[in-house]
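# Structural overview
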Amino acid sequence: MTVLQDYMQGDRLQRIINDWSKVAGETVAVEVMEEDIYAFGSELACLRLEHHFKRGECETDTAYSVHLQTWYFLLKKVYSKP
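Residues numbered from 1 in each chain as written. Predicted model: local features only at pLDDT ≥ 70, side-chain atom pairs only at ≥ 80, totals over all residues. Heavy atoms only, no water.

Okay, the environment of glutamate 35 next. Relative to the assigned elements, glutamate 35 resides in the loop between strand E1 (29–33) and strand E2 (36–41). Sequence separation of glutamate 35 and leucine 75 is 40 residues, and the distance between their C-alpha atoms is 8.8 Å. (Helix = DSSP H or I, 4+ residues; strand = E, 2+ residues; numbered from the N terminus.)

So, about helix H3 (residues 43–53). What H3 keeps buried is the set Ala45, Cys46, Leu49 and Glu50. Projected down its long axis, H3 shows its buried positions confined to an angular sector of 135°, all on one face. Structurally, H3 contributes buried residues whose contacts are with helix H2 (10–24), E2, strand E3 (60–65) and strand E4 (70–75). (Buried < 20%, exposed > 50% of the residue type's maximum accessible area, 1.4 Å probe, protein only. Arc of directions from axis to C-beta. Contact = heavy atoms within 4.5 Å.)

As a further point, take the pattern of salt bridges. This model, assessed by the stated rule, comprises one salt bridge. Lysine 76 is paired through a salt bridge with glutamate 59; the nearest N and O atoms lie 3.4 Å apart. With lysine 76 in the segment after E4 and glutamate 59 in the loop between H3 and E3, the pair connects residues that are 17 residues apart, well separated along the chain. On the basis of relative accessibility, which here comes to 51%, the residue glutamate 59 falls in the exposed class. (Salt bridge = Lys/Arg side-chain N within 4 Å of Asp/Glu carboxyl O.)

Here is the structure:
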């Protein structure tokens, strides 16, 4: 079984970083973990991403990570459909 993490590498991942940074209004760090995509940045950047993706089919979450000491935006289960 292929997960998003296997697919999102190299140029594909860089394209996501570029697109999400434009939406966020600043550069964000992006990590793909199995079928979820995380963006790390300022509170405003993460809230902008959440607002942008909230209308879609995927679940979103934005919060401050005490462990990482940064804000994150999470786009959950990007390719999973019930």
